[in-house]
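What follows is each chain in one-letter form.
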Amino acid sequence: MRQLKALADLKQQELAQLTVRAPVAGQVEQLDAETGQEVAQGKNLARVTNPAALMAQVQVSQYDAASVRPDQVVAIDPRSADLPGRVLRVDPKVKDGLVTVDVRLLRQPPDGRVDQSVDAAIRIAELPDALSVPRPANVHANSTAAVFVLAPGASRALRQSVRFGLGSVDRIQVRSGLALGEQLILSDTSAYAGDHAIELH
């Protein structure tokens, strides 16, 4: 009788384990299994989301990701209103030249949806009175690059080496190699890699 009772208890435990419960409260967004289907251990059965506790995932260039740290300030633009956030985690993997950054939202969007596209700006540093220029093509932060520079009033752009510092999406800091008032050619000049100067018409 004790053996039969132990076997019955075991079967009851196995039956109870067939009921899968989500570890968080939310709503079912997607089902990846059907009733009665046998699945391997660890397989995702469903996707459960909580629209009241959204977070953001943003893609950052692998070159800029080296400057991203947890707890940095983030401004999220979900097309309706700017939302404050903080960097939660930086993925150690690089995929297609991009690094995924998880951002904790300090305020939830009033009409936010799962998988909604957003723009984000991560504040990695503040540089008061820094010399900066629009970011040239193929120039990365904290690097030295040869660019074509046009002096004020000149019609010929000369190649010169410029040391760049921190960069944003559209601008980059100049550490040395440029003077105030000089202009750069911002478009891709890789076709002129062997030339010392470009004549502008």
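Given the structure is predicted, the values throughout are model-derived calculations rather than measurements.

Quick look at the sheet that holds strand E7 (residues 119–122)
Read across the open sheet, the 5 strands follow the order E3-E6-E5-E4-E7; overall the sheet is antiparallel. Bordering the open sheet on either side are strand E3 (55–61) and E7, each of which pairs with just one other strand. On average, each strand axis in the sheet is tilted by 40° relative to the strand beside it, whichever way the strands run. As defined by bridge partners, strand E4 (residues 73–77) adjoins E7 across 4 bridges and the pair is classed as antiparallel. For Asp77, the partnering residue across the bridge sits in E7 and is Asp119.

Thoughts on the pattern of salt bridges
If you walk through the whole model with that rule in mind, you get 8 salt bridges. Across the pair Arg135 and Asp64 runs a salt bridge whose closest N-O atoms are separated by 3.4 Å. With Arg135 in the loop between strand E8 (132–134) and strand E9 (144–150) and Asp64 in the loop between E3 and E4, this residue pair connects regions lying 71 residues apart in the sequence. One salt bridge connects Asp91 with Arg89, and the closest N-O pair in it is separated by 3.9 Å.

Comments concerning the environment of Gly97
As for its position among the elements, Gly97 is in the loop between strand E5 (83–90) and strand E6 (98–105). Sequence-wise, Gly97 and Tyr63 are 34 residues apart; in three dimensions their C-alpha atoms are separated by 8.4 Å. Every residue in contact with Gly97, bar those within four places of it in the chain, is listed here: Val60, Ser61 and Gln62.

Topic: the pairing of E4
Burial of the side chains of E4 is restricted to one face: Val74 and Ile76 are buried, whereas none of Val73, Ala75 and Asp77 on the reverse face is. Pairing of E4 with E5 involves 4 bridges; the strand directions are antiparallel. Looking at the pairing, Val74 lines up with Gly85 of E5.

A short note on the nonpolar core
If you look at the biggest cluster of nonpolar residues, it comprises 15 residues, and the most contacted ones within it are Val60, Ile76, Val101, Val103 and Ile122. Elements with a contribution of two residues or more to this core: E3, E4, E5 and E6. Of the residues forming this core, the biggest block, 4 residues, is contributed by E6. Residues contacting Val103, with those up to four places away along its chain left out, are Met55, Ala56, Val58, Val74, Ile76, Gly85, Arg86 and Leu88. One finds Ala145, Val149, Val162 and Val174 within the second-largest nonpolar core, a separate group that totals 11 residues.

So, how was this worked out
- Residues numbered from 1 in each chain as written.
- Predicted model: local features only at pLDDT ≥ 70, side-chain atom pairs only at ≥ 80, totals over all residues.
- Heavy atoms only, no water.
- Pairing = 2+ DSSP bridges.
- Helix = DSSP H or I, 4+ residues; strand = E, 2+ residues; numbered from the N terminus.
- Axes fitted to C-alpha atoms, helices over the stretch in contact; angles between N-to-C directions.
- Salt bridge = Lys/Arg side-chain N within 4 Å of Asp/Glu carboxyl O.
- Contact = heavy atoms within 4.5 Å.
- Buried < 20%, exposed > 50% of the residue type's maximum accessible area, 1.4 Å probe, protein only.
- Core = buried A, V, L, I, M, F, W, Y, C linked by side-chain atoms within 4.5 Å.

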